[in-house]
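# Analysis of the macromolecular model
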There are 2 protein chains.
Amino acid sequence: MTSIPTPGTPVRGSKSGDPIMALFDLLGRRWAMGILWTLCKTGPCTFRELQANCGSISPTVLNTRLKELRLALLIDHKDDGYQATPMGKELYNLLLPIGGWSGQWADVLAESND
Amino acid sequence: MTSIPTPGTPVRGSKSGDPIMALFDLLGRRWAMGILWTLCKTGPCTFRELQANCGSISPTVLNTRLKELRLALLIDHKDDGYQATPMGKELYNLLLPIGGWSGQWADVLAESND
DNA sequence: TTGAACGCTACTGTTTTAGTAGCAAAAATA
DNA sequence: TATTTTTGCTACTAAAACAGTAGCGTTCAA
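Described below are features of the structure shown in this document.

### Quick word on the relation of the copies chain B and chain A
- If you rotate chain B by 180° and push it 0.0 Å along the axis, it lands on chain A with an RMSD of 0.1 Å. Taken together, the rotation and translation relating the two chain copies correspond to the operation of a two-fold axis. Proximity to the rotation axis, assessed at the C-alpha, singles out Gly28(B) in chain B; its C-alpha lies 2.1 Å from the axis.
- Looking at the interface residues of chain B, 100% of them are also at the interface in chain A, so both copies use one shared face.

And the structure:
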């Protein structure tokens with residue numbers, strides 16, 4: 001079966017059986033973590049709201065990421081828009097400490113650039 | 001000043017002042033988290049060892065990611081090869097819970113694909 | 001019934017990554 | 001010491017991912 005990649009539908013997949021690598025492969029794409037983060041912080045969002053809250057994400061990529069995150073059971077698409085699934089919120093809770101840490105990291109980084 | 005991007009030298013930067021978004025921008029690139037993960041798990045590594053342990057990463061991208069992670073003060077390049085800085089290890093420790101969680105995530109995901 | 005907003009797709013061009021080959025320097029070996 | 005091997009890395013080409021804009025069909029309010 002030949003895969004025919006079309007624009008907006010990524011084809012890369014993790015061959016390694018390691019779950020963390022599969023997760024890194026999913027989250028290691030542009031905006032993936034940012035979308036989950038924003039969605040969990042602000043609650044259910046529409047497509048346009050997400051687009052605005054995430055910064056300057058293009059609709060093509062936003063749509064692609066949303067599909068991927070939905071396939072990964074991290075977000076859901078109901079009548080009131082997109083929202084994180086329970087599992088997505090679990091991941092968000094594990095991301096939270098990193099969010100706090102990033103403040104210190106940015107400080108040290110700014111200091112070193114003098 | 002016109003920026004002239006050359007292969008292997010990414011140009012994207014986080015405009016948002018949010019540290020977590022800057023971190024996501026850094027980690028949201030292919031292999032970034034995998035490299036830090038592997039480096040912290042196996043200890044100091046040479047270039048070739050990293051290349052082997054990470055799976056199938058190409059030398060161009062590995063070199064680019066290593067430069068970025070070094071600029072971000074997360075890894076260091078000493079005589080005995082590459083290794084995580086104290087700050088990089090801090091981040092790794094925050095990543096660890098996600099590593100554990102990814103196992104359950106993969107299980108649920110596999111179940112849903114029947 | 002008009003028109004405005006929404007969710008999304010099509011399209012084109014740029015940036016990033018993959019994959020291979022190979023060079024210069026260091027290290028190992030003879 | 002001379003030769004081979006390994007290492008760290010760069011050059012190059014092709015493919016994949018992303019940005020940016022335009023616009024289609026639907027919904028929904030005026």
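### What to know about the packing of aromatic side chains
- In the structure shown here, the tally under the stated rule is 6 aromatic pairs over all chains.
- When the ring of Trp101(A) is compared with that of Trp105(A), the centres are 6.3 Å apart and the planes differ by 15°; the resulting orientation is stacked. Placement of both Trp101(A) and Trp105(A) in helix H5 (residues 86-112) is noted, with a separation of 4 residues, approximately one turn of the helix.
- We classify Trp101(A) as buried; its relative accessible area is 6%.
- An aromatic cluster of three or more residues is present, and its members are Phe24(A), Trp37(B) and Tyr92(B).

### Observations concerning the nonpolar core
- The biggest cluster of nonpolar side chains holds 65 residues, and the ones touching the most others in it are Leu50(A), Trp105(A), Leu50(B) and Trp105(B).
- In this view, Leu50(A) contacts Ile35(A), Thr38(A), Leu39(A), Cys45(A), Leu62(A), Leu66(A) and Tyr82(A); residues no more than four positions away in its chain are not counted.

### Structural notes on the interface of chain B and chain A
- Chain B puts 38 residues into the contact, and the matching count from chain A is 39 residues.
- In this structure, the connection of chain B to chain A is made through 1 salt bridge.
- A salt bridge links Asp25(A) to Arg30(B), with the nearest nitrogen and oxygen atoms 3.6 Å apart.
- Here chain B is connected to chain A by 6 residue pairs in polar contact (both at pLDDT 80 or more).
- With 16 residues, helix H5 (residues 86-112) of chain B is the single largest residue contributor to the side of chain B that touches chain A.
- Its residues placed into classes, the side of chain B that touches chain A shows 25 nonpolar, 8 polar and 5 charged.

### Some details on the pairing of strand S2 (residues 81-84) of chain B
- Two elements, strand S1 (residues 75-78) of chain B and S2(B), share 4 bridges in a ladder whose sense is antiparallel. Pairing of Ile75(B) across the sheet is with Ala84(B), part of S2(B).

### Some points on the packing of helix H1 (residues 19-27) of chain A against helix H2 (residues 32-42) of chain B
- Running from N to C, H1(A) and H2(B) cross one another at 150°; their axes reach a closest spacing of 8 Å. As judged from the angle between their axes, H1(A) and H2(B) are roughly antiparallel. Note on element contacts: H2(B) touches H1(A) through Met33(B), Gly34(B), Trp37(B) and Thr38(B), opposite Ile20(A), Met21(A), Phe24(A) and Leu27(A).
- For the contact of H1(A) with H2(B), the per-class residue count stands at 6 nonpolar, 2 polar and no charged.

### Quick notes on the protein's contact with DNA strand D
- The immediate surroundings of DNA strand D are formed by 20 residues, with Arg30(A), Arg65(A), Arg48(B), Asn63(B) and Tyr82(B) found nearest.
- Within 4 Å of the protein, the contacting atoms of DNA strand D are 58% sugar and phosphate, with bases supplying the remainder.
- Residue Phe47(B) places a main-chain N or O atom 3.2 Å away from a phosphate oxygen belonging to DNA strand D.
- Secondary structure elements with two or more residues in the surface near DNA strand D: helix H4 (59-71) of chain A together with helix H3 (47-53) and helix H4 (59-71) of chain B.
- Counting residues per element, the surface near DNA strand D draws most heavily on H4(A), which supplies 4 residues.
- Per-class residue counts for the surface near DNA strand D are 8 nonpolar, 7 polar and 5 charged.

What counts, and where the lines are drawn
Residues numbered from 1 in each chain as written. Chains lettered and ligands numbered in written order. Predicted model: local features only at pLDDT ≥ 70, side-chain atom pairs only at ≥ 80, totals over all residues. Heavy atoms only, no water. Least-squares fit on C-alpha atoms with pLDDT ≥ 70 in both. Contact = heavy atoms within 4.5 Å. Phe/Tyr/Trp six-rings, centres within 6.5 Å; stacked < 30°, edge-to-face > 60°. Helix = DSSP H or I, 4+ residues; strand = E, 2+ residues; numbered from the N terminus. Buried < 20%, exposed > 50% of the residue type's maximum accessible area, 1.4 Å probe, protein only. Core = buried A, V, L, I, M, F, W, Y, C linked by side-chain atoms within 4.5 Å. Salt bridge = Lys/Arg side-chain N within 4 Å of Asp/Glu carboxyl O. Polar contact = N/O pair within 3.5 Å; in protein donor to acceptor, adjacent residues only side chain to side chain. Nonpolar A, V, L, I, M, F, W, Y, C, P; charged D, E, K, R; others polar. Pairing = 2+ DSSP bridges. Axes fitted to C-alpha atoms, helices over the stretch in contact; angles between N-to-C directions. Parallel < 35°, antiparallel > 145°, perpendicular 65-115°, else oblique. Near = heavy atom within 4 Å.

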